[in-house]
Amino acid sequence: MKKQTLFFLLAFLLPTLIVLWWWGLFRVATLATEDRGPTRYVYLEVQGPYSKLASKQQEVASELRRQGIVAGSPVALIFDDPRTTKADQRRARTGYLIDMTVNPKPPLSMETIPARRVVVASIKAHPLLAYGKVYGTLLDYVKRQGETLHMPTVEIYQASVLSVEMPLGGRP
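What counts, and where the lines are drawn
Residues numbered from 1 in each chain as written. Predicted model: local features only at pLDDT ≥ 70, side-chain atom pairs only at ≥ 80, totals over all residues. Heavy atoms only, no water. Helix = DSSP H or I, 4+ residues; strand = E, 2+ residues; numbered from the N terminus. Expected span 1.5 Å × (residues − 1). Buried < 20%, exposed > 50% of the residue type's maximum accessible area, 1.4 Å probe, protein only. Arc of directions from axis to C-beta. Pairing = 2+ DSSP bridges.

1. Regarding helix 2 (residues 53-67)
- A rise of 1.5 Å per residue sets the reference length of helix 2, with its 15 residues, at 21 Å; its end C-alpha atoms lie 21 Å apart and thus fit the reference within 8%.
- Of the residues making up helix 2, those classed as buried are Leu53, Gln57, Val60, Ala61, Glu63 and Leu64. Buried residues of helix 2, seen end-on, are gathered within an arc of 165° and therefore sit on one face of the element. In helix 2, the exposed positions angled more than 90 degrees off the buried face are occupied by Arg65 and Arg66.
- Directly beyond the C-terminal end of helix 2, a positive phi value near 75° is found at Gly68.

See below:
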């Protein structure tokens, strides 16, 4: 029995724990108040479940290549809290950061987020784990402040680090 347990630990459990560690399961998101921006990005609008963001982001990437524009880090603006908004009514923008001198053509849209003070939650983790950990940290923060989640949030995924910027706001 002991040999079987040892074999199980070495052959299955240990490699699984190593992969989960590598993906960031045991990491904790950091929280800071920072000045961010201006941030220029190119995007397409999305309405409906946030699960559509990845495919729409690929459309943006394809169009940027067609126009000969170098894409920066992936970015998404999330306008609606999924806890309070029905999936088919959620709104977002997804795309890429771009240089301030680039001017993409339709069907792409472009906008610059002005410089502002935000609360930033960040974590280096696989996307499957990162989003839940970062938003959990932001929700804990607003709960301690006696506030609600302030929208829109800006999600930037750069060098395996997800940063979610939440605008500072007054108490409800």
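2. Digging into the pairing of strand 6 (residues 116-124)
- Within strand 6, 7 of the 9 residues are buried, which leaves it mostly tucked inside the rest of the structure.
- Inspection of the sheet shows strand 1 (residues 30-36) paired to strand 6 by 7 bridges, in the antiparallel sense. Note on strand 6: the bridge partner recorded for Arg36 is Arg116.
- Pairing of strand 6 with strand 8 (residues 161-167), which is carried by 7 bridges, proceeds in the antiparallel orientation. From the neighbouring strand, Ile123 faces strand 8, where its bridge partner is Leu162.

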